[in-house]
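This is what each chain is made of:
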Amino acid sequence: EAGVVQSPRYKIIEKKQPVAFWCNPISGHNTLYWYRQNLGQGPELLIRYENEEAVDDSQLPKDRFSAERLKGVDSTLKIQPAELGDSAVYLCASSSRTSVAKNIQYFGAGTRLSVL
Amino acid sequence: QKEVEQNSGPLSVPEGAIASLNCTYSDRVSQSFFWYRQYSGKSPELIMSIYSNGDKEDGRFTAQLNKASQYVSLLIRDSQPSDSATYLCAVSPSWGKFQFGAGTQVVVTP
């Protein structure tokens, strides 16, 4: 079974440019998370989806960040325009709401963003 | 006060010794607790989950949970150079919600 797939793995852009990240969760996982991880820090939640619905986006900087999860499967996270402080690793994770899964989330490889 | 606190390290451990990592959390209603290993430049990988007080062992790893003290720990026995990584403690106060510590860097020296 394939894990969480993210692309691209690396992205270098100049400030004020737009950028988009894509995530394909584990098949059957209805919950999808986008995190941002700065160097030396733990992941910080940006947005959580239950199927197509964004149920927690309180930490998403909505003036420049947007996300969507059409059809409750793949998701895209966009930044427009990017700022120097957005340089970080963007992680996607997914989990399944079943008793067997026991609230465990699985991470993709991440996208390392560098804003110059 | 951070929601999940860990010593940042680095924790230097001789090969073959026991590494002991600690994590405290602030949300008393938390029910699920996780340890992730993160190699440099890689994404977090789940190594242990624990849901009830006491110890849980999986191979060389043992997680210990004390909800009354709001404390969770990870022991790594017979530490190997491949255990050198950052270990993230994650706490879940409700389903689907996770709070991460900043991680403890472990360095296993030959």
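Residues numbered from 1 in each chain as written. Chains lettered and ligands numbered in written order. Predicted model: local features only at pLDDT ≥ 70, side-chain atom pairs only at ≥ 80, totals over all residues. Heavy atoms only, no water.

Visitor: Would you mind showing me how to read the pattern of salt bridges here?
Guide: For side chains bearing opposite charge, pairing can occur when the charged atoms are close. Residue and element names in this part refer to chain A. Considering all chains together, one arrives at eight salt bridges over all chains under this definition. Note that Glu83 is salt-bridged to Arg64, the shortest N-O span being 3.3 Å. Here the residue Glu83 occupies a position in the loop between β8 (75–79) and β9 (88–95), and Arg64 occupies one in the loop between β6 (53–56) and β7 (65–68), the gap between them amounting to 19 residues. Given a relative accessible area of 41%, Glu83 falls into the partly exposed group. Arg64 sits in the buried class, given a relative accessible area of 12%. For the salt bridge of Arg64 with Asp86, the shortest nitrogen-to-oxygen distance reads 2.6 Å. (Salt bridge = Lys/Arg side-chain N within 4 Å of Asp/Glu carboxyl O. Helix = DSSP H or I, 4+ residues; strand = E, 2+ residues; numbered from the N terminus. Buried < 20%, exposed > 50% of the residue type's maximum accessible area, 1.4 Å probe, protein only.)

Visitor: Just checking my understanding: could you explain the state of the cysteines for this structure?
Guide: Working definition: the covalent bond between the sulfur atoms of two cysteines is a disulfide. Per the stated rule, a full pass over the model turns up two disulfides over all chains. Cys23 of chain A shares a disulfide with Cys92 of chain A; S-S distance 1.9 Å. The S-S bond linking Cys23 of chain A to Cys92 of chain A shows a torsion near -70°; that makes this disulfide left-handed. Of this pair, Cys23 of chain A sits in strand β3 (residues 19–24) while Cys92 of chain A sits in strand β9, and the two are 69 residues apart along the sequence. Like Cys23 of chain A, the residue Cys92 of chain A is buried in the burial classification. The disulfide bridge from Cys23 of chain B ends at Cys89 of chain B, spanning 2.1 Å between sulfur atoms. On the S-S bond that ties Cys23 of chain B to Cys89 of chain B, the torsion sits near -75°, and the link is left-handed. Of this pair, Cys23 of chain B sits in strand β3 (residues 19–25) while Cys89 of chain B sits in strand β9 (residues 85–94), placing them 66 residues apart in sequence. (Disulfide = S-S within 2.5 Å.)

Visitor: Even after reading the chapter, I still don't get the packing of aromatic side chains, so can you show me in this structure?
Guide: Each aromatic ring pair is summarised here by two numbers: the centre-to-centre distance and the angle between the ring planes. Under the defined criterion, the tally for this structure stands at eleven aromatic pairs over all chains. On the numbers, 6.1 Å between centres and 90° between planes, the contact of Phe34 of chain B with Tyr51 of chain B is edge-to-face. A residue pair is termed long-range when its members are at least 10 positions apart, and Phe34 of chain B in strand β4 (residues 32–38) and Tyr51 of chain B in the loop between β5 (45–50) and β6 (54–58) qualify at 17 residues. Between Phe34 of chain B and Phe98 of chain B, the ring centres sit 5.6 Å apart and the planes meet at 55°, which makes this aromatic pair tilted. You can see Phe34 of chain B sitting in strand β4 and its partner Phe98 of chain B sitting in strand β10 (residues 97–100), a full 64 residues away along the chain. When sorted by exposure, Phe34 of chain B lands in the same class as Phe98 of chain B, which is buried. Ring pairing ties together the aromatic residues Tyr33, Tyr35 and Phe107 of chain A together with Phe34, Tyr36, Tyr51, Phe98 and Phe100 of chain B, which thus form one cluster. Of note, Arg60 of chain B hangs over the ring of Phe61 of chain B, and the distance from its end group to the ring centre comes to 5.6 Å. (Phe/Tyr/Trp six-rings, centres within 6.5 Å; stacked < 30°, edge-to-face > 60°. Lys NZ or Arg CZ within 6 Å of the ring centre and 35° of its normal.)

Visitor: Where do I start with the sheet that holds β3 of chain A in this structure?
Guide: Across a sheet, paired strands are connected by hydrogen bonds in the backbone, their directions being either parallel or antiparallel. Residue and element names in this part refer to chain A. With antiparallel pairing, the four strands of this open sheet are ordered in space as β1-β3-β8-β7. The sheet is open, and its two borders are formed by β1 (5–7) and β7, each paired with just one other strand. Averaged over all neighbouring strand pairs, the angle between strand axes comes to 15°, with direction disregarded. Sheet topology places β1 next to β3; three bridges connect them, and they run antiparallel. Across the sheet, the residue bridging to Val5 is Asn24, located in β3. (Pairing = 2+ DSSP bridges. Axes fitted to C-alpha atoms, helices over the stretch in contact; angles between N-to-C directions.)

Visitor: When you look at the pairing of β3 of chain B in this model, what are you seeing that I'm missing?
Guide: Taken residue by residue, a regular strand's side chains alternate between the two faces of the sheet. All names here are of chain B. Here β3 shows a buried face lined by Ala19, Leu21, Cys23 and Tyr25 and an unburied face lined by Ser20, Asn22 and Thr24. Strand direction decides the pairing type here: strand β1 (residues 4–6) and β3, joined by three bridges, are antiparallel. Within the sheet, the bridge partner assigned to Gln6 lies in β3 and is Cys23. Note that β3 and strand β8 (residues 71–76) share six bridges and pair antiparallel. Paired with Ala19 across the bridge in β8 is Ile76.

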